[in-house]
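# A structural walkthrough
The lines below spell out each chain.
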Amino acid sequence: MIHTDYSLVVISRNRPQFLARLFLYYHSQGLAAPIFVGDSSSGSARNEVSVITKQFYGKLNLEVTTYPDTTP
């Protein structure tokens, strides 16, 4: 198990497959620390990110904030 004395912050925009690989890796490693995701994806990527994060809720300690797709 990976220590929980810290949190992980992930910034994403139109990278759903990256998030899927990242979440899968940390789940396989037993990460218990909170993962804060800030996402400003657009179009179909926004939907994919939503599906992927829902798959990992309960498996990882996720906190996802979605921003407008115009956010830099």
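Nothing here was measured: the structure is a model prediction, and the numbers come from that model. (Residues numbered from 1 in each chain as written. Predicted model: local features only at pLDDT ≥ 70, side-chain atom pairs only at ≥ 80, totals over all residues. Heavy atoms only, no water.)

### Quick look at the overall build of the protein chain
Per the secondary structure count, the protein chain includes two helices and three strands. In the protein chain, the order of α-helices and β-strands from amino to carboxyl end is β-α-β-α-β. By the compact-globule yardstick of 11 Å for 72 residues, the protein chain fits well, its C-alpha radius of gyration being 12 Å. Principal axes of the C-alpha set define a box for the protein chain whose edges measure 35 × 20 × 15 Å. Taken across its 72 residues, the protein chain has 33% of its residues classed as buried. Long-range contacts, defined as pairs at least 24 residues apart, comprise 82% of the intrachain contacts of the protein chain with a sequence gap of at least 6. Surface exposure of the protein chain reaches about 4500 Å², of which carbon and sulfur atoms provide 56%. (Helix = DSSP H or I, 4+ residues; strand = E, 2+ residues; numbered from the N terminus. Rg over C-alpha atoms; globule rule 2.2 N^0.38 Å. Buried < 20%, exposed > 50% of the residue type's maximum accessible area, 1.4 Å probe, protein only. Contact = heavy atoms within 4.5 Å. Areas by Shrake-Rupley, 256 points an atom, 1.4 Å probe, with all protein chains shown as cover.)

### Thoughts on the packing of helix α1 (residues 16-29) against helix α2 (residues 43-56)
The N-to-C vectors of α1 and α2 enclose an angle of 10°; their axes lie 9 Å apart at closest approach. Judged by the inter-axis angle, α1 sits roughly parallel to α2. Seen from α1, the contacting residues are Pro16, Gln17, Leu19, Ala20, Phe23, Leu24 and His27; seen from α2, they are Ala45, Glu48, Val49, Ile52, Thr53 and Phe56. In terms of residue class, the contact of α1 with α2 is made up of nine nonpolar, three polar and one charged. (Axes fitted to C-alpha atoms, helices over the stretch in contact; angles between N-to-C directions. Parallel < 35°, antiparallel > 145°, perpendicular 65-115°, else oblique. Nonpolar A, V, L, I, M, F, W, Y, C, P; charged D, E, K, R; others polar.)

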